[in-house]
Amino acid sequence: MPRRSLAMKVSAASAAASLAAAAAAAESDIAFAMPVAQPRLRSTHASAASTADTAEGAGRQGTGTGFAGANAALTLAAAAGAASTLSTAVRRRARRHGGSARGLASSVGPRRPQSGLTGLASAPLAPTVTPTDAAEPGETRGDRLARGMKLAYWMYMAPAHIGTLRVASSFKNVHAIMHAPLGDDYFNVMRSMLERQRDFTPVTASIVDRHVLARGSGEKVVDNITRKDRDDKPDLIVLTPTCTSSILQEDLGNFVKRASETTSSDVLLADVNHYRFNEYQAADRTLAQIVQLYMEKAKDAGVTVEKSKKPSANIIGTFTLGFHNSHDCRELKRMLRDMGIETNIVIPEGASVHDLHKMSRAWFNIVPYREIGHMAAKYLKEEYNMPIVDTTPFGIGQTAKFVRELAELCKSQGYDGFDFEEYIDEQTRFVSQAAWFARSIDCQNLTDKRAVVFGDATHAAGMTRVLAREMGIKVVCAGTFCKHDEEWFREQVAGLCDETLVTDDHTQVADMIARLEPAAIFGTQMERHIGKRLDVPCGVISTPVHIQNFPLTYRPFLGYEGTNQIADLTYNSFTLGMEDHLIEIFGGHDTKEISSDSLSSAGETESAIPWSPDGLAELSKIPGFVRGKIKKKTETYAVANNCKEITAEVIFAAKEAVGA
């Protein structure tokens, strides 16, 4: 064999072996985090798909950031695809020459697992991305994988580390550090913009740059932890894994152990795996981990907490970037105060980690949302025998059910000094206007109107129940993007809607809405965009949302005040018959550009100069946000100069006349 040809083959085999080894290293983390009985994921495909999925979340909530992460994901995905193709060639060559076809992955052993939450159920295993369809003629395994992959520019849920950051930044004096590329630090900007809080977001990015890729992190993560401990003196520092740290096989547990030896702050590694958990699952798990840490810390120190003499409750699950979470919490606290129930601790929003050991003082825990808080509440129930109230008070019926559950728990522990049924009656008749509105002629006009509901499991199920049972509106489809909570969601909306859709693909939601042609949509920011394209009004009821759904005014969705907000949103989301009639009478709505200082037909007639095809073509090149203003100025110029037709030359002349 010629030496040049042999060298090329050796080089190709070496490259394939290197890529396969890197993929196998990533495989060890993935396979290790799964139950022993579960099959191990194909290393190359799992790392590629998970990396791409993680980076896709950077575009959520309309921030327009995180494209660096997406580009990195595409690069890694391409490398993984190349590894798949090359390693396939190596295996074929090995089989041809009688060698082993197992590849290098079989020689890599899994690392020792990091300790997780004891007694807490594992999340469902993420589906494998190993291609199962038949290969087309001449198609390799890598080609089949690439054919099955897709790049999304919108995701309903962010990567797992965003959930951890949301929980950590909700506590007081807790700092979070993530080991990730520069493009993944968009959380700071997103939270500062949406929450509009006065303080800085307590999150630091330990940047993975080319030096880290070449030589490893070394002391970088440890130095960042010790520096934050020295400068900010937080009570707790949370180090969150990212997809990048998993791919690079960073030993974050060792970093935390070394850093905790020299810091006065507590240091915690979030027990979150990017290949198995989404944003909400990671948030739920991180909150439970923090609660368990400080409850056991107090127990080891011999601290005992007695139950309160009066009824008291913890509220678990209100945190930063939640949908009207702070308003909901304020309404829940008002209701508890009215019923003579003390609010013990609200976590994580605004809570101190040093107060977490006092949670066992409460009589019971309230978990208003399905997405976060349940793991912490289950831990407290198992360890401290604390009952859980997980009915979401969304709408008149569910709020009454919520109050009755509180009454049952209070009476079972000896509290009988309040008439809960009378409270329900007074609140329903005099505080909430929703019951009266449901019987009014205005709401009766909405009877049998067709609506689509889509959002997180809590708000989508609650809104479906309110529309169908309390307002008589026909829900043609109810859906959620919380695929991990599909069973519960389907159970909640059974019999209340014609169809059920559980997906995190916004294109499927758009196709469903276009097919059903509802009179109104109740969904997220994405459904609002879809509604604008289809000319269907939309009321926003769930995250992800933009800044208009982080109001400064008091707008709860839970409790009796929340029923008024829901009724207003529902009524204002439908375009009524009289409104359509008036729109037609007064010349349409949003149908044409304003080309004069008057909206009347008289003002329009004075300047009705036709546009030539080349003039319209030139006008279309102008950005939309200034097009109307330029059109108006051009028409004013044409009238003043007695132009019979507006051409491209007239546009240029008008531009020169104003000195532009």
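Residues numbered from 1 in each chain as written. Predicted model: local features only at pLDDT ≥ 70, side-chain atom pairs only at ≥ 80, totals over all residues. Heavy atoms only, no water.

A.B. asks: Now, about the overall build of the protein: what can you tell me, with residues and values included?
C.D. replies: What the protein contains, in helices and strands, is 27 helices and 13 strands. Every one of the 660 residues in the protein was classed for burial, and the buried ones make up 51%. Pairs at least 24 apart in sequence give 73% of the contacts found in the protein among residues at least 6 apart. With an accessible surface of roughly 31,700 Å², the protein has 52% of that area assigned to carbon and sulfur atoms. (Helix = DSSP H or I, 4+ residues; strand = E, 2+ residues; numbered from the N terminus. Buried < 20%, exposed > 50% of the residue type's maximum accessible area, 1.4 Å probe, protein only. Contact = heavy atoms within 4.5 Å. Areas by Shrake-Rupley, 256 points an atom, 1.4 Å probe, with all protein chains shown as cover.)

A.B. asks: Please provide a residue-by-residue account of the packing of aromatic side chains, values included.
C.D. replies: Applying the stated rule across the entire model yields eleven aromatic pairs. Members of the aromatic cluster, joined through ring pairs, are Y156, Y280, F454 and F481. Its guanidinium or amino end placed over the ring of Y554, R330 lies 4.1 Å from that ring's centre, counting from NZ or CZ. (Phe/Tyr/Trp six-rings, centres within 6.5 Å; stacked < 30°, edge-to-face > 60°. Lys NZ or Arg CZ within 6 Å of the ring centre and 35° of its normal.)

A.B. asks: Pulling in residues and values, what's your account of the pattern of salt bridges?
C.D. replies: A side chain with one charge can pair with a side chain of the opposite charge if their charged atoms come near. The tally for this structure, following the rule as stated, stands at 20 salt bridges. Two residues, E279 and R166, come together in a salt bridge whose shortest N-O distance is 2.6 Å. Here R166 lies in helix α5 (residues 160-168) and E279 lies in helix α11 (residues 279-300), a separation of 113 residues in the sequence. By the burial criterion, E279 is buried, and R166 matches it. When the shortest N-O distance is used, the salt bridge between E331 and R334 registers 2.8 Å. Of this pair, E331 and R334 both sit in helix α12 (residues 325-338), three residues apart, which is roughly one turn of the helix. (Salt bridge = Lys/Arg side-chain N within 4 Å of Asp/Glu carboxyl O.)

A.B. asks: Which residues make up the nonpolar core, and what are the values?
C.D. replies: In terms of nonpolar packing, the biggest core is built from 107 residues, with I290 and F364 touching the most fellow members. In this view, I290 contacts V167, F171, L236, V238, L268, V353 and L356; residues no more than four positions away in its chain are not counted. Among the nonpolar cores identified, the runner-up in size contains 21 residues, and M157, A457, I530 and V536 belong to it. (Core = buried A, V, L, I, M, F, W, Y, C linked by side-chain atoms within 4.5 Å.)

A.B. asks: Residue-level account of helix α14 (residues 396-412), with values.
C.D. replies: Taking 1.5 Å per residue, 17 residues should reach 24 Å; α14 reaches 25 Å between its end C-alpha atoms and fits that length. Of all the positions in α14, only I396, Q398, T399, A400, F402, V403, L406, A407, L409 and C410 are classed as buried. (Expected span 1.5 Å × (residues − 1).)

A.B. asks: Lay out the pairing of strand β2 (residues 203-207) with the relevant residues and their values.
C.D. replies: Across five bridges, strand β1 (residues 174-180) lies against β2 in parallel orientation. Bridge assignment links I177 to a residue of β2, and that residue is T204. Note that the unit made of β1, helix α6 (residues 186-195) and β2 has a crossover that is right-handed. (Pairing = 2+ DSSP bridges. Right-handed = clockwise from strand over helix to strand, strands pointing away.)

A.B. asks: I'd like to hear about the environment of L252, residue by residue, with values.
C.D. replies: Note on placement: L252 falls in helix α10 (residues 252-260). Accessibility expressed as a relative area gives 4% for L252, which makes it buried. Taking C-alpha positions, L252 is 9.1 Å from H179, a pair spaced 73 residues apart along the chain. When near neighbours in sequence (up to four residues on either side) are disregarded, L252 contacts L239, T240, P241, S245 and L269.

A.B. asks: How would you explain the sheet that holds strand β6 (residues 342-348) if you had to name every residue and give the values?
C.D. replies: An order of β6-β5-β7-β8 is seen for the four strands of this open sheet, with the pairing classed as parallel. Each end of this open sheet is capped by a strand with a single partner; those strands are β6 and β8 (388-389). On the sheet, α12 packs against β5 (312-318), β6 and β7 (364-366) and is oriented at approximately 170° with respect to β5. Against the sheet, α14 engages β7 and β8, with an angle of about 170° to β7. (Axes fitted to C-alpha atoms, helices over the stretch in contact; angles between N-to-C directions.)

A.B. asks: Report on the packing of α5 against α11, specifying residues and quantitative values.
C.D. replies: Relative orientation of the contacting elements α5 and α11 amounts to 45°, with a least axis distance of 7 Å. Taken together, the axes of α5 and α11 are oblique relative to one another. Handedness of the crossing formed by α5 with α11: right-handed. Mapping the contact onto sequence places A160, I162, G163, T164, R166 and V167 in α5 and E279, Y280, A282, A283, T286, L287 and I290 in α11. (Parallel < 35°, antiparallel > 145°, perpendicular 65-115°, else oblique. Left-handed = near helix turned anticlockwise from the far one by under 90°.)

A.B. asks: Give me the lowdown on the pairing of strand β11 (residues 497-502), citing residues and values where you can.
C.D. replies: The sheet contact formed by strand β10 (residues 474-480) and β11 spans five bridges and is parallel. Bridged to A478 within β11 is T500. In terms of handedness, the path from β10 via helix α19 (residues 486-493) over to β11 forms a crossover that is right-handed.

A.B. asks: A description of the sheet that holds strand β3 (residues 236-240) should follow, citing residues and the corresponding values.
C.D. replies: One open sheet holds the four strands; their spatial order is β2-β1-β3-β4, and the pairing between them is parallel. The outermost strands of the open sheet, each flanked by one partner alone, are β2 and β4 (266-269). In this sheet, adjacent strand axes meet at a mean angle of 20° when their direction is disregarded. Bridge count for β1 against β3 is five bridges, and the pairing is parallel. Bridging across to β3, V174 finds its partner in L236.

A.B. asks: Quick rundown of the environment of Q548? Include the residues and the values.
C.D. replies: Tracing the sequence through the fold places Q548 in the loop between β13 (538-540) and α22 (559-573). Of the residues examined, Q548 reaches a relative accessible area of 36% and is grouped as partly exposed. Separated by 354 residues in sequence, Q548 and L194 place their C-alpha atoms 8.6 Å apart. When neighbours within four sequence positions are excluded, Q548 is seen to be in contact with Q525 and R528.

A.B. asks: So what's going on with the environment of G455? Which residues, and what values?
C.D. replies: Along the polypeptide, G455 turns up in strand β9 (residues 450-455). The spatial distance from the C-alpha of G455 to the C-alpha of T543 is 7.1 Å, given a sequence separation of 88 residues. Among all residues touching G455, those that are not within four sequence positions of it are A460, G479, T480, F481, T524 and S542.

A.B. asks: Explain the confidence of the model for the protein to me, and be specific about the residues and the numbers.
C.D. replies: On average, residues of the protein carry a pLDDT of 79, and 72% of them reach 70 or more. Here helix α2 (residues 43-56) stands out as the element of the protein with the lowest mean pLDDT, 39, in contrast to β7, whose mean of 98 is the highest. Considering only residues more than four positions removed or in separate chains, one finds that residues 1-90, a stretch of pLDDT under 50, has 138 contacts. Low pLDDT (under 50) marks residues 92-132, which in the prediction has 64 contacts with non-local residues, meaning those over four places away or in another chain. (pLDDT = per-residue confidence, 0-100.)

A.B. asks: I'd like a description of the packing of α12 against α14, backed by residues and values.
C.D. replies: When two helices pack together, their arrangement is given by the angle between the helix axes and by the axis-to-axis distance. Contact geometry for α12 and α14: axes closest at 12 Å, N-to-C directions at 50°. The angle between α12 and α14 falls in the class oblique. At the point where α12 passes α14, the crossing takes the right-handed sense. Every residue of α14 that contacts α12 at L332, M335 and L336 is listed here: T399, F402, V403 and L406. The class makeup of the residues in the contact of α12 with α14 is six nonpolar, one polar and no charged. (Nonpolar A, V, L, I, M, F, W, Y, C, P; charged D, E, K, R; others polar.)

A.B. asks: Before we move on, can you summarise α12 with the specific residues and values?
C.D. replies: For α12, which comprises 14 residues, the first-to-last C-alpha distance of 20 Å matches the rise-based estimate of 20 Å (1.5 Å per residue) to within 8%. Within the span of α12, buried status applies to N325, H327, D328, C329, E331, L332, R334, M335 and L336. Buried positions along α12 lie against β5, β6, β7, α14, α15 (420-431) and α22. At the exit of α12 stands G340, carrying a positive phi of roughly 80°.

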